[in-house]
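Each chain is listed here by its residues.
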Amino acid sequence: MKQTPPGLLVSPIRDGTVIDHITAGEALNVLRILGITGTTEECLSIATNVASKHMGKKDIVKIEKRELVKEEVNRIALIAPRATINIIRNYLVTEKKGVEISGILRGVVRCPNPGCISNTSEPIESSFEVTAAGLHCLYCDTVITKDITSHII
Ligand code: CTP
């Protein structure tokens, strides 16, 4: 029988995306942000609270046959700012990038102000600027300072 080498928790994948260095405990939120649920088709491996040299503990998510695009990566940055996105092709890491929160987030977070125009029936996408104080709504000036995950669309 094939043995798993010590330290290798989940198998390497052939093609897809490995999200590494996720803040410990956030793997399931990363999946939620990506719209991956128990009823979607992706082949997934998830490791939580694994030992990491630099982070103490971290989570890892591997998604086979799917390459994440920039807009999805930006969403992950909100809850896992140290995550690295590895694109795997034919077993090789062909691209490795950190995540970064872009200046403006459109259609990613719902404004908590019910009166905000982005919450009406108008076809207006929410728009937030990332500032040192938090996420600043460009329509009504509400600032989200904590628990950003619960506002993600
Ligand atoms: N990986 C994988 N399948 C592959 C290749 C890599 O699942 N065919 C995973 C590795 O297990 C690791 C991540 O993709 O979690 C990044 O791989 P690699 O760059 O080889 O690892 P490290 O050098 O440890 O990454 P870093 O420098 O970002 O810590």
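If you're wondering where the values come from, they're calculated on a predicted model, not measured in any experiment.

A. Representation of the site of the ligand within the structure. The ligand sits among Pro12, Ile13, Val18, Asp20, His21, Lys62, Asn86, Ile88, Tyr91, Val93 and Lys96. Within the backbone of Ile13, one N or O atom sits 2.8 Å away from a nitrogen atom of the ligand. Between the ligand and Lys62 there is a distance of 2.6 Å, counted from an oxygen atom to a side-chain nitrogen or oxygen. Of all the elements in the fold, those that place two or more residues in the shell around the ligand are β1 (16–23), β4 (84–89) and β5 (92–98).

B. Main features of the sheet that holds strand β9 (residues 143–144). Pairing in this open sheet of four strands is antiparallel, and the strands run β6-β7-β8-β9 from one edge to the other. Edge positions in the sheet fall to β6 (104–106) and β9, since each has one partner strand and no second. Taken together, the three bridges between β6 and strand β7 (residues 127–131) define a ladder with antiparallel strand orientation. When the sheet's bridge partners are listed, Arg106 is paired in β7 with Ser127.

C. Structural detail: the sheet that holds strand β2 (residues 44–52). What the five strands build is an open sheet, ordered β2-β3-β1-β4-β5; its pairing is antiparallel. The open sheet terminates on both sides in strands that have one partner only, identified here as β2 and β5. Neighbouring strand axes in the sheet, compared pairwise and without regard to direction, differ in orientation by 20° on average. Bridge count for β1 against strand β3 (residues 56–64) is six bridges, and the pairing is antiparallel. Of the residues in β3, the one forming a bridge with Thr23 is Lys58.

D. Quick look at the pattern of salt bridges. Using the criterion set out here, one finds six salt bridges in the structure. One salt bridge connects Arg14 with Asp15, and the closest N-O pair in it is separated by 3.5 Å. A salt bridge links Glu72 to Arg66, with the shortest nitrogen-to-oxygen separation between them at 2.5 Å. Accessibility classification places Glu72 together with Arg66 in one group, the buried group. Put simply, Glu42, Arg66 and Glu72 are held in one network by salt bridges that share partners.

Parameters and conventions
Residues numbered from 1 in each chain as written. Predicted model: local features only at pLDDT ≥ 70, side-chain atom pairs only at ≥ 80, totals over all residues. Heavy atoms only, no water. Near = heavy atom within 4 Å. Polar contact = N/O pair within 3.5 Å; in protein donor to acceptor, adjacent residues only side chain to side chain. Helix = DSSP H or I, 4+ residues; strand = E, 2+ residues; numbered from the N terminus. Pairing = 2+ DSSP bridges. Axes fitted to C-alpha atoms, helices over the stretch in contact; angles between N-to-C directions. Salt bridge = Lys/Arg side-chain N within 4 Å of Asp/Glu carboxyl O. Buried < 20%, exposed > 50% of the residue type's maximum accessible area, 1.4 Å probe, protein only.

Spatial relationships are all this shows, so hold off on functional conclusions.
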